[in-house]
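Survey of secondary and tertiary structure
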There are 2 protein chains.
Amino acid sequence: MAKQTPRTLSGFMELLPAPQRQMERVMEILRETYSLYGFTPLDTPVIESSEVLLAKGGGETEKQIYRFQKGDADLSLRFDLTVPLAKYVALHYNDLTFPFRRFQIGKVYRGERAQRGRFREFYQADIDVIGDGKLSILNEAEIPAIIYKTFSALGLRRFRIRVNNRKILNGFYASLGLTDKAGDIMRAVDKLEKIGPEKVKAILTGDLGAGQEQAQEILDFISITGGTEEILYALESRRGRDETFDQGAEELRTVVKYLGDFGVPAENFQVDLTIARGLDYYTGTVYETVLEDHPEIGSVCSGGRYDNLAEYYTEKKLPGVGISIGLTRLFYVLGEQGMLNPELNTAPADVLILPMTEDLGAAIALATALRASGVRAQLHCEEKKFKQKISYADKLGIPYVIFLGDDEISAGVVACKDMATGEQTKLDAKATIYRIKAGLDARNQGTVIRE
Amino acid sequence: MAKQTPRTLSGFMELLPAPQRQMERVMEILRETYSLYGFTPLDTPVIESSEVLLAKGGGETEKQIYRFQKGDADLSLRFDLTVPLAKYVALHYNDLTFPFRRFQIGKVYRGERAQRGRFREFYQADIDVIGDGKLSILNEAEIPAIIYKTFSALGLRRFRIRVNNRKILNGFYASLGLTDKAGDIMRAVDKLEKIGPEKVKAILTGDLGAGQEQAQEILDFISITGGTEEILYALESRRGRDETFDQGAEELRTVVKYLGDFGVPAENFQVDLTIARGLDYYTGTVYETVLEDHPEIGSVCSGGRYDNLAEYYTEKKLPGVGISIGLTRLFYVLGEQGMLNPELNTAPADVLILPMTEDLGAAIALATALRASGVRAQLHCEEKKFKQKISYADKLGIPYVIFLGDDEISAGVVACKDMATGEQTKLDAKATIYRIKAGLDARNQGTVIRE
């Protein structure tokens, strides 16, 4: 028979078993942490009706969408988890209780140009708090606390959550009479690090038609840097010119205060007035998170406060605040950087049982006892040489191997080898299980990510 | 602005938060149980190249496939997890260690005619053990033990795992000289329960051209019922006519013996000689699992032993054994039957904290302490009346509400109300957390499914 060459599409992550175990760990930590903060898990379809999914229309995303016909239906694969959330909340509004806090970890699809480290199918891990009409500022402060907890639980330390408030930016540009051009200006300002202040000034006064004085004010404004208190002080001194600006400065001060109460260390967050994020969508606090040793990969967790989650579906005003982690890309980068902790057990089992008897009854009973104690056990009953079976455990990194022959069975003991130390014990089943569990606990102390 | 009516496609399950929590529990139990048996988690793309996914071609499935073009690429959504596994094993053969034991819980897509309880997007939860060239019979016995453990862990009791061996069937029809018609005969036999033995006999002697004697032998054979030992005995008495038959009978005896060793109670399994499953694919032990009180929904967990997992991709002989649970459908049926345990906590949080002070510092510190103890806590700081906040906890089923006012803070206590009993305590934070954790443990004793 002619064979079809097996292949996986480019831009689609498919992990080998060991890294997949690490990825599962990462997802488990996200689920656990999000749950501790009172977010409920949600799952929505990967496929939606195109008219629903693309209600907002236009934009860069549309070209990348996987869109197709099935029968009469015009269908699309979701390209993020925010639009499906908006649909969900609008559709199930009467069955939900607000504030509605949900997390969702799911695959999304974007037909981007294939390149190293870019994925067409990738996991996003989102949390959002949706209010009905109103939403307390506390939620805006809690979100970076959740980012901090999540990243810490994963084992990351050298990361910084950058915080800003869109009202400060909007108010500032309004006070200069530049509201209409705010979007273009922010895009120009975004290039500051790359092209330097002089060139940014040239763009501002050139294409964007700002006066020399306005341009200088903008440059002065975005060069407000330093510690949190310094920036808040600088903002304080600019109050009184624009109401939105003042409100933004007040909100930022509140968020910073609560961040301290939430225990986010000063070195893990930073007020950064240059951050804008999605130009139309966000209306209050905005966030970016950068890995200090890998600024080149950009923000790995971003989001912010918005006023109208579901404006394309409902008249209801549903303000919210949320963040999204591009999980597949983050995992890929961590792997590339060798930051996945190789000491964590990635084997499919904790114990490999090698029965040395014709009848497998005793071996099966032992496997059952191990599993009942929460130890992952595998029986190896294939027709292989002893050496090959040991090599099997070795290759997979299975930490313990148990030999069970007639001698052991009649003596009521179990021969158990610690594959890392080579140490071998002959103890009864109960003591063996106890020893294995203690050993596994010791091994699984570390975090998934090691810096 | 004109609004787009939000809707979810028909045939796509989208759960409200409370049932979603139950679904997550089910998935967690599957992951845990599968892991205990030494299966490693796997995740493969939802989209595959059509030529790869449809290498086998033909069949009922092809019409149902979501297939589309994106640029030059001819793509399809996976319709099961077996073909992607075959591709995975063939593609990564050199990086895998055999026997390769993997589980996968993932969404698959079939554009079936929409009807109640049928889904176009649904989860399958699969486990497979793949050997390289050979695979021990023990694996065929372990699989129903895993089904038993999984279903028991979910809380199901009244289910029956039906076991047969394809070699018995193939050998039996070969001994009658009916090998060529075996497929059609098995389809006819499959109707036995519906149409009765006389009509089956008419089909056999009519369309299928079997002689009267042959038809009677078939009817006699499939009417071998009773306890496991009776059936094994009846098979024993028919030995010696066909080698394949004898081998199948021997394998079945071995599987039954080990099933006992694995501790599967007699009432949860049954040898059933009428079971055939996928006609071309399976070659040894086959399984079906039925809920005794809901035979109408058919098998909820099926599978078997096959000889050639990846024959469309590789010359390597990769025998295996596996099962698949149609999770979405099973969950739907359990829900419809009212079998999801309503006593399990489906709230997004275990505790709702109502700060009664201007400054939220103390409330935030308490939330942080609760979360550090593994208690899911939510701060409710919205501008709502006290009554509305209590009603929020009530609606969501949040088991505890904590009030934190100036009096409590200065007295170093926390007022905590058990929403089920109405009992209110004023204890320090540590004692309150202790009480809450004890209460949660007591509440979460039950299984997800209650019969």
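Please read all numbers here as calculations on a predicted model, not as lab measurements. Starting afresh in each chain, residues are numbered from 1 along the sequence in its written order. Written order decides the labels, with chains lettered from A and ligands numbered from 1. A pLDDT threshold of at least 70 governs which residues receive local features in this predicted model, and a stricter bar of 80 or more applies before side-chain atom pairs are shown or counted, although totals over entire chains, interfaces and linings include all residues. As a rule here, side-chain values come from all non-hydrogen atoms in the structure, and water together with hydrogens is ignored.

**Here we look at the sheet that holds strand S3 (residues 67–70) of chain A**
Residues and elements named next belong to chain A. Note on pairing: DSSP must find at least two bridges between two strands before they are called paired. Strands here are runs of E lasting at least two residues and helices are runs of H or I lasting at least four, both read from the DSSP assignment and numbered beginning at the N terminus. Strand order across the open sheet formed by three strands is S2-S4-S3, with antiparallel pairing between neighbours. The open sheet has two edge strands with one neighbour each: strand S2 (47–49) and S3. On average, adjacent strands in this sheet sit at an angle of 40 degrees to one another, irrespective of strand direction. Pairing between S3 and strand S4 (residues 73–77): four bridges, direction antiparallel. Bridge pairing in S4 places lysine 70 opposite alanine 73. Axis definition: a line fitted to C-alpha atoms, limited for helices to the stretch in contact. Angles are taken between N-to-C directions and run from 0 to 180 degrees.

**Brief notes about unusual backbone geometry**
At the junction of phenylalanine 98 of chain A and proline 99 of chain A, the peptide bond is cis and its omega measures out at 0 degrees in the coordinates. Along the polypeptide, proline 99 of chain A turns up in the loop between helix H4 (82–91) and strand S5 (100–109).

**Overview of the interface of chain B and chain A**
A common way to report how large an interface is uses the accessible area buried once the components associate. Counting residues at the interface gives 98 residues for chain B, matched by 98 residues for chain A. Overall, the association of chain B and chain A removes approximately 8600 Å² of surface from exposure, summing both partners, and the carbon and sulfur fraction of that is 59%. Salt bridge, as used here: a side-chain nitrogen of Lys or Arg that lies within 4 Å of a carboxyl oxygen of Asp or Glu. Scanning the region where chain B abuts chain A turns up 12 salt bridges. Between lysine 257 of chain A and aspartate 359 of chain B there is a salt bridge, with the nearest N and O atoms lying 3.0 Å from each other. Here a polar contact is taken to be a pair of N or O atoms separated by no more than 3.5 Å, where protein atoms must pair a possible hydrogen donor with a possible acceptor and residues adjacent in sequence count only if both atoms sit in side chains. Here chain B and chain A share 46 residue pairs in polar contact (both at pLDDT 80 or more) between them. Sorting elements by how many residues they give to the side of chain B that touches chain A places helix H1 (residues 17–36) of chain B first, with seven residues. Per-class residue counts for the side of chain B that touches chain A are 48 nonpolar, 21 polar and 29 charged. Only heavy atoms enter the contact rule, under which two residues are in contact if any of them lie within 4.5 Å. Buried surface area refers to the total accessible area, computed with a probe of radius 1.4 Å, that the two partners give up upon joining, counted for both partners together. Throughout this entry, Asp, Glu, Lys and Arg are counted as charged residues, while Ala, Val, Leu, Ile, Met, Phe, Trp, Tyr, Cys and Pro are counted as nonpolar. The remaining residues, Gly among them, count as polar.

**What to know about helix H13 (residues 327–336) of chain B**
Residue and element names in this part refer to chain B. Under the scheme applied here, a residue whose accessible area is under 20% of the maximum for its type counts as buried, over 50% as exposed, and between as partly exposed, the area being computed with a 1.4 Å probe on protein chains only. Burial runs high along H13: seven of the 10 residues are buried. Burial in H13 covers these residues: Leu327, Thr328, Leu330, Phe331, Tyr332, Val333 and Leu334. Of the surrounding secondary structure, the elements contacted by the buried residues of H13 are H1, strand S5 (100–109), strand S6 (121–130), strand S9 (282–291) and strand S11 (320–326). The first or second residue beyond H13 is glycine 338, which carries a positive phi of 70 degrees.

**Considering the sheet that holds S11 of chain B**
Residue and element names in this part refer to chain B. Taking strand neighbours across the sheet as the criterion, the eight strands line up as S1-S5-S6-S11-S10-S9-S7-S8 in an open arrangement whose pairing is mixed. At either end of the open sheet lies a strand with only one pairing partner, and these are strand S1 (40–41) and strand S8 (269–271). Sheet analysis places strand S10 (residues 301–306) next to S11, joined by six bridges and oriented antiparallel. Bridging across to S11, arginine 305 finds its partner in valine 321. Along the sheet face, helix H5 (residues 138–154) touches S5, S6, strand S7 (159–165), S9, S10 and S11 and points at about 15 degrees away from the line of S9.

**A look at the relation of the copies chain B and chain A**
Mapping chain B onto chain A calls for a screw motion: a turn of 180 degrees about the axis and a shift of 0.0 Å along it, with 0.1 Å RMSD after fitting. Look at the turn and shift together and you get a two-fold axis relating the two. The rotation axis passes nearest to the C-alpha of phenylalanine 68 of chain B in chain B, at a distance of 3.1 Å. Least-squares superposition aligns the copies on the C-alpha atoms of those residues with pLDDT at or above 70 in both.

**Quick look at helix H10 (residues 228–237) of chain A**
Residues and elements named next belong to chain A. All of the buried residues in H10 are Thr228, Ile231, Leu232, Ala234 and Leu235. For H10, the angular spread of the buried residues around the axis is 160 degrees, confining them to a single face. The exposed set on the far side of H10, more than 90 degrees from its buried face, consists of Glu229, Glu230, Tyr233 and Ser237. Contacts made by the buried residues of H10 are with helix H6 (166–175), helix H9 (212–222), helix H11 (243–261) and strand S8 (269–271). As used here, the arc belongs to the directions running from the helix axis to the C-beta atoms.

**Concerning the packing of aromatic side chains**
Side-chain rings of Phe, Tyr and Trp (the six-membered ring for Trp) are treated as a pair once their centres are within 6.5 Å; stacked means planes under 30 degrees apart, edge-to-face means over 60, and tilted covers the remaining angles. According to the stated counting rule, one finds 29 aromatic pairs over all chains in the structure shown. Consider the rings of tyrosine 34 of chain B and phenylalanine 103 of chain B, whose centres lie 5.7 Å apart with planes at 55 degrees: the pair is tilted. Remark: phenylalanine 103 of chain B occurs in strand S5 and tyrosine 34 of chain B occurs in helix H1; sequence separation between them is 69 residues. Taken individually, tyrosine 34 of chain B and phenylalanine 103 of chain B each receive the classification buried, so the pair is uniform in this respect. One aromatic cluster is present, formed by Tyr66, Phe68 and Tyr109 of chain A together with Tyr66, Phe68 and Tyr109 of chain B through successive ring pairs. Over the ring of tyrosine 93 of chain A we find lysine 316 of chain A; its NZ or CZ atom is 4.8 Å from the centre of that ring. Geometrically, a charge over a ring is one whose NZ (Lys) or CZ (Arg) sits within 6 Å of the ring centre while staying within 35 degrees of the ring normal. Residue placement shows lysine 70 of chain B over the ring face of tyrosine 66 of chain A; its charged tip is 5.1 Å from the ring centre.

**Considerations on the confidence of the model for chain A**
Confidence of the predictor at the level of single residues is given by pLDDT, which spans 0 to 100. Per-chain confidence: chain A averages 94 in pLDDT, with 99% of residues scoring 70 or above. The complex prediction reports pTM at 0.96, with the ipTM value standing at 0.96.

**Overview of the environment of arginine 376 of chain A**
Topologically, arginine 376 of chain A is positioned in the loop between helix H13 (361–372) and strand S13 (377–379). Of the residues examined, arginine 376 of chain A reaches a relative accessible area of 11% and is grouped as buried. The spatial distance from the C-alpha of arginine 376 of chain A to the C-alpha of aspartate 350 of chain A is 5.1 Å, given a sequence separation of 26 residues. Ignoring any residue separated from it by four or fewer positions in sequence, one finds arginine 376 of chain A in contact with Arg21, Asn345, Ala347, Pro348, Ala349, Asp350 and Val351 of chain A together with Ser35 and Leu36 of chain B. Of the polar contacts made by the side chain of arginine 376 of chain A, one reaches the backbone oxygen of alanine 347 of chain A; its length is 3.1 Å.

**With respect to the pairing of strand S14 (residues 400–404) of chain A**
All names here are of chain A. With five of its five residues buried, S14 lies for the most part within the structure. What you see with S14 is no split at all: Tyr400, Ile402 and Leu404 on one side and Val401 and Phe403 on the other are buried throughout. Pairing analysis gives four bridges linking S14 to strand S15 (residues 414–418), with the strands arranged antiparallel. Across the sheet, the residue bridging to valine 401 is lysine 417, located in S15.

**Regarding the pattern of salt bridges**
Within this structure, the stated rule accounts for 62 salt bridges over all chains. Here glutamate 408 of chain A makes a salt bridge to lysine 426 of chain A, at a shortest N to O gap of 3.3 Å. Placement of glutamate 408 of chain A in helix H15 (residues 406–411) and of lysine 426 of chain A in strand S16 (residues 424–427) is noted, with a sequence separation of 18 residues between them. Overall, lysine 426 of chain A belongs to the exposed group, its relative accessible area being 52%. Ionic pairing is found between glutamate 217 of chain B and arginine 241 of chain B, a salt bridge with its closest N-O pair at 3.5 Å. Here glutamate 217 of chain B is found in helix H10 (residues 212–222), whereas its partner arginine 241 of chain B is found in the loop between helix H11 (228–237) and helix H12 (243–261), with 24 residues between them in sequence. Residue class for glutamate 217 of chain B comes out partly exposed when judged on its relative accessible area of 24%.

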